[in-house]
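A closer look at the structure
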Amino acid sequence: MRAAVLNSSGFQLRDAEIPTPGAGEVLIKMIACGICGGDQHIFSIRDRLPEEETWLGHEGAGTIVSLGDGVSGFNVGDTVTSLSGGFSEYFISHADHACLVPKGIDPRLALGEPVACCVHASDRFGTKSGDHVAVVGCGFMGLLCMQLLKLQGAGKIVAIDPIAYRREAAIQLGADTAIAPEEVESFDPEQGIFDIVVEAAGIPSAIDLSTDLARQHGRVIFVGYHESNDGMRVVNMQRWNLKALDIVNGHVRRMDEKYDAMVKGVELIAQGKLHTKELVVEYPLDEISTAFDDIFGREKEIFKVVLVDGGAH
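Residues numbered from 1 in each chain as written. Predicted model: local features only at pLDDT ≥ 70, side-chain atom pairs only at ≥ 80, totals over all residues. Heavy atoms only, no water.

Ranked by internal contacts, the top residues of the largest apolar core, which has 43 residues, are L143, M146, L149 and A170. Of all the secondary-structure elements, those providing two or more residues to this core are helix 2 (112–122), strand 8 (133–136), helix 3 (140–151), strand 9 (157–160), helix 4 (164–172), strand 11 (194–199) and helix 7 (255–270). If you tally residues by element for this core, the top one is helix 3, at 7 residues. One finds F43, L56, F74 and Y283 within the second-largest nonpolar core, a separate group that totals 27 residues. (Core = buried A, V, L, I, M, F, W, Y, C linked by side-chain atoms within 4.5 Å. Buried < 20%, exposed > 50% of the residue type's maximum accessible area, 1.4 Å probe, protein only. Helix = DSSP H or I, 4+ residues; strand = E, 2+ residues; numbered from the N terminus.)

According to the stated counting rule, one finds 8 aromatic pairs in the structure shown. Considering the side-chain rings of F11 and F292, the 4.8 Å spacing of their centres and the 45° angle between planes classify their relative orientation as tilted. Of this pair, F11 sits in strand 2 (residues 10–15) while F292 sits in helix 8 (residues 288–297), and the two are 281 residues apart along the sequence. As far as the burial class goes, F11 and F292 line up, both buried. One aromatic cluster in this structure is built from F11, F43, F87, F292 and F296. The ring of Y90 has K29 lying over it, and the distance from NZ or CZ to the ring centre is 5.7 Å. (Phe/Tyr/Trp six-rings, centres within 6.5 Å; stacked < 30°, edge-to-face > 60°. Lys NZ or Arg CZ within 6 Å of the ring centre and 35° of its normal.)

Another aspect to go through is the side chain of T211. You can see T211 is positioned in helix 5 (residues 204–213). Separated by 2.9 Å, the side chain of T211 and the backbone oxygen of I207 make a polar contact. Within polar-contact distance, the side chain of T211 engages the side chain of W240 at 2.9 Å. Setting aside residues up to four positions removed in sequence, T211 forms contacts with R239, W240, K243 and L245. (Polar contact = N/O pair within 3.5 Å; in protein donor to acceptor, adjacent residues only side chain to side chain. Contact = heavy atoms within 4.5 Å.)

Spatially, the 6 strands line up as an open sheet ordered 10-9-8-11-12-13, and their pairing is parallel. Every interior strand has two partners, whereas the edge strands, strand 10 (177–179) and strand 13 (246–249), have only one. Each strand axis lies, on average, 15° off the axis of its neighbour in the sheet, ignoring direction. For strand 11 and strand 12 (residues 214–222), the ladder comprises 5 bridges, and the chain directions are parallel. (Pairing = 2+ DSSP bridges. Axes fitted to C-alpha atoms, helices over the stretch in contact; angles between N-to-C directions.)

Extensive coverage of strand 15 (residues 304–308) is indicated by the burial of 5 of its 5 residues. Here strand 15 shows no split at all, with K304, V306 and V308 on one side and V305 and L307 on the other all buried. Pairing geometry for strand 3 (residues 25–34) and strand 15, over 3 bridges, is antiparallel. Residue C33 lies in a different strand from strand 15, and its bridge partner there is L307. Pairing between strand 14 (residues 280–284) and strand 15: 5 bridges, direction parallel. For P284, the partnering residue across the bridge sits in strand 15 and is V308. In this region the chain leaves strand 14, passes through helix 8 and returns to the parallel neighbour strand 15; the handedness of that crossover is right-handed. (Right-handed = clockwise from strand over helix to strand, strands pointing away.)

See the structure below:
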């Protein structure tokens, strides 16, 4: 099989053995695999990785081609999305980490792993009907979270991002207002103006802005992936204290909970309630280096890059 393997020079396409599923596992022929912010971070520090070769990718979807011992509930030929994946033509998933993609749903748009992360976080938003909410950072994750806030009954939704095309997408997907950070109206940061703020940018200034935007006794949920400076951040704890904020880490590591959120997310996509089509751009697996160049170059309107086995962007 073809596989894109990362080393200090970048991605190298090479032939590799098709893996064999073990007990409780399934072998999946990749249809699509999303590129995560974590993959981007590892790529950016590739010259410091301890291993000579690194296999990336964990947002996979495809067709089951082989079942390991003890697997039930699946058949060869089933289309699934998974909490596993790989930048390769085939990948292994534990059967408990895969779910069926309903007929009529494009598996390239039902990327279970990132959808699961947002759905799981949304269960901790604490949204009440009519809440005034802000989403700071309108990339793929931020815009999924924004749609979930709306489904939960949020009132006015304000999307905040410095990039114009992201603000435009936020409006298309349901935001009432979309503004750049510098366009936020003057307010008393010790009082705040939003019941809920979802931080989905992963940069220090987004933490500061989210802290200021939240009302007293409001809630800030961190969904952004903070990898710069080894994740170290300085926060205004005094303001957190004086405003009596609820601070929530929106990330998930319990795989059973993540699986449940994936199933729920795929159902929402199938019902037409959660939209990803507007946010996905495809690149063939063979063009993975171009895909990463375009992501880091920031010259194209990209939310989520999905590598596909064939096709074009």
